[in-house]
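Descriptive structure summary
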Amino acid sequence: QGLAVAHMRAFGDDSGAGGGRIACVAKARLGDGGLVVDRLTAVVDIGRIVNLDIVRQQIEGGLLYGVGLAVGQSATWTRGLPQPARLAGLRLPTLASAPEVIVEFVASTAPPFDPGELGVAVAPPAIANALFAATGLRFRALPLVAGES
C-alpha cells in the first residue's frame, strides 16, 4: 500500500486556509500483465459540499484518470495537439479493469472548493508509493512502469 496527500488552494487565496485536501491510499502491485491497481481509498476535505453526488463523481473520475496516467495511458503531444484527439483513445480504465474506489468526505463549513483535479493529482503518487512498498524500487516518472499500455 502507498499513501499520497495533495492540497490545492483556491485562485486568489493566499492565506492557505481554504482550498481542497485529499489523502489517498493505493493498493497496487506488479502482476503478470504489468502494473495492477486493486484499490484506491481517499478522504477528501473540500469545504461545504453543495452536491454530494456530483462531487463524488468528480473525485472518483479523477482517481480513475490518475490510474490511467500511472499505467501509461496518457496523451502525447504532436505539434501542440494531443494524440489521441479523443478521450476514447486514451484507453482509460473500464468498469471491468477499474480498481475498487472508496471515497469519504470530511464534514466542513468552510467555503466550497472545486474538487475537479484533486483525484488526478493524488492517484499516481499513491500508486508509486505502493509500488515502492512492494518492490523497494522508486518509480518517479509517468508511466510508472515502462512498457505499460
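Just so it is clear, the model here is predicted, and its values are computed rather than measured.

1. Details of the overall build of the protein
A count of helical and extended segments in the protein gives two helices and six strands. Helices and strands appear in the protein in the N-to-C order β-β-β-α-β-β-β-α. For 149 residues, the compact-globule estimate of 2.2 N^0.38 gives 15 Å, and the C-alpha radius of gyration of the protein, at 16 Å, lies within 12% of that figure. Taken along its principal axes, the extent of the C-alpha atoms in the protein is 45 × 40 × 30 Å. Residues counted as buried form 34% of the 149 residues belonging to the protein. Sequence-distant contacts in the protein: of pairs separated by 6 or more residues, those separated by 24 or more amount to 66%. Carbon together with sulfur atoms contributes 56% to the accessible area of the protein, which is approximately 8600 Å² in total. Positive and negative side-chain charges in the protein, numbering 12 and 12 respectively, have mean positions lying 6 Å apart.

2. Observations regarding helix α2 (residues 118-135)
Over its 18 residues, α2 extends 27 Å from the first C-alpha to the last, a length consistent with the 26 Å expected when each residue adds 1.5 Å. Among all positions of α2, only Leu118, Gly119, Val122, Ala123, Pro124, Ala126, Ile127, Ala128, Ala130 and Leu131 are buried. Of the residues trailing α2, glycine 136 is marked for its positive phi of about 80°.

3. Remarks on the sheet that holds strand β6 (residues 100-105)
Across the sheet, which stays open at both edges, the four strands sit in the order β1-β2-β3-β6 with mixed pairing between neighbours. In this open sheet, the two edge strands, each paired with only one partner strand, are β1 (2-8) and β6. Looking at each pair of strands side by side, their axes are set apart by 20° on average, direction ignored. Two elements, strand β3 (residues 34-45) and β6, share six bridges in a ladder whose sense is parallel. Residue pairing for β6: alanine 42 is matched across the bridge by valine 103. Packed on one face of the sheet, α2 meets β1, β2 (20-31) and β3 and runs near 40° to β2.

Reading the values: the criteria
Every chain's residues receive numbers from 1 upward, in the order its sequence appears when written. At least 70 in pLDDT is required for a residue's local features to be given in this predicted model, at least 80 for side-chain atom pairs to be given and counted, and no such filter applies to totals for whole chains, interfaces and linings, which use all residues. Values reported for side chains reflect all heavy atoms of the structure, with hydrogen atoms and water molecules removed beforehand. Where helices and strands are cited, they refer to DSSP runs of H or I of at least four residues and of E of at least two residues respectively, numbered from the N terminus. Note that the radius of gyration is over C-alpha atoms, with the globule rule given as 2.2 Å times the number of residues to the power 0.38. Note on exposure labels: buried denotes an accessible area under 20% of the residue type's maximum, exposed denotes more than 50%, and partly exposed covers the range between, all computed with a 1.4 Å probe on protein chains only. Residues are treated as being in contact if the distance between any of their heavy atoms lies within 4.5 Å. Each accessible area value is a Shrake-Rupley result obtained with a 1.4 Å probe; residue values ignore everything except the protein chains displayed when judging cover. Positive residues here are Lys and Arg, negative ones are Asp and Glu, while His and the chain termini are left out of the count. Each charge is placed at NZ for Lys, CZ for Arg, CG for Asp and CD for Glu. Every helix has an expected span of 1.5 Å times one less than the residues it contains. Two strands pair if DSSP finds at least two bridges between them. The convention used is that axes are lines fitted to C-alpha atoms, helices contributing only their stretch in contact, and that angles between N-to-C directions extend from 0 to 180 degrees.

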